[in-house]
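Coordinates in review
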Amino acid sequence: EGDNTTIDNVAMDVQTPPHPDLVVTSITSPALAFADRDVTIQWTLANNGDADFTGEFQEEVSLAPSPSGVNGRFIGSAPFSGTIAAGQTITRFATFRIPDDITTDRFVVVRTDDGFDVQEFESGEANNTTVDDVVLDIEIPPHPDLRVTSITVPATGFAGVVTVSYTVTDANGS
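Notes on the structure in this doc start here. (Residues numbered from 1 in each chain as written. Predicted model: local features only at pLDDT ≥ 70, side-chain atom pairs only at ≥ 80, totals over all residues. Heavy atoms only, no water.)

1. Observations regarding the side chain of T44
Quick note on the threshold: Each helix is a run of DSSP H or I of at least 4 residues and each strand a run of E of at least 2, with the numbering of both proceeding from the N terminus. Each residue is assigned to one of three classes by its accessible area relative to the maximum for its type, calculated with a 1.4 Å probe on protein chains only: buried under 20%, partly exposed between the two thresholds, exposed over 50%. Contact criterion: two residues are considered in contact whenever any of their non-hydrogen atoms come within 4.5 Å of each other.
Summarising the element assignment, T44 is placed in strand β3 (residues 38-47). By relative accessible area, which is 15% here, T44 ends up buried. Beyond its immediate sequence surroundings of up to four residues, T44 is in contact with V23, V24, T25, S26, T89 and I90.

See below:
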């Protein structure tokens, strides 16, 4: 039974197979957003690897209090399903609700392949998170400024029910 092991002195060349490498290369958000309102975030996703990716994964978007991107608050995810060829760049966007308790400057953070569903191997997983270098100013939304802008009354009226029509608009657009 001691003869089940053999040692061979021939070197074996082991290589990593071609693989995708997903990287968020840029993030675009408005300069101003309001708490408890929707905001649309756009980002550019590149496959810097040497193989196409076909399948599904999730991307996570969060708002961080500093440009380091740590301690970010999750605001939503965006699913991807399809193919990204090696060397290809695509534009992604999604609309998220800003939490009502965030009313200070934040940095948008996008993490691609959030669930590690794409086989990027060791070198590719380290570059999945990107922090926008431009601050997103989040403020309390303006209060409504309701104004009656028109009133319509009948030319004549009788005792009893009279129909009056009016239009109210928000001068702040909120």
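2. Comments concerning unusual backbone geometry
Backbone geometry at N71 places phi at a positive 60°, although glycine is not the residue there. In this structure, N71 sits in the loop between β4 (53-64) and β5 (73-84). Look at F116: it is not a glycine, yet its phi comes out positive at around 55°. Tracing the chain through its elements places F116 in the loop between β7 (107-111) and α1 (121-125).

3. Some points on the pattern of salt bridges
Under the convention used in this document: Take a side-chain nitrogen of Lys or Arg and a carboxyl oxygen of Asp or Glu: if they are within 4 Å of each other, that pair is a salt bridge.
For the structure on display, the rule yields six salt bridges. A salt bridge links D38 to R97; the nearest nitrogen and oxygen atoms lie 2.9 Å apart. Residue D38 is located in strand β3, and its partner R97 is located in strand β6 (residues 89-97); the two are separated by 59 residues in the primary sequence. A salt bridge links R147 to D145; its shortest N-O distance comes to 2.7 Å. The partly exposed category is assigned to D145, whose relative accessible area is 26%. Shared partners join several salt bridges into a network, and the residues in it are D36, D38 and R97.

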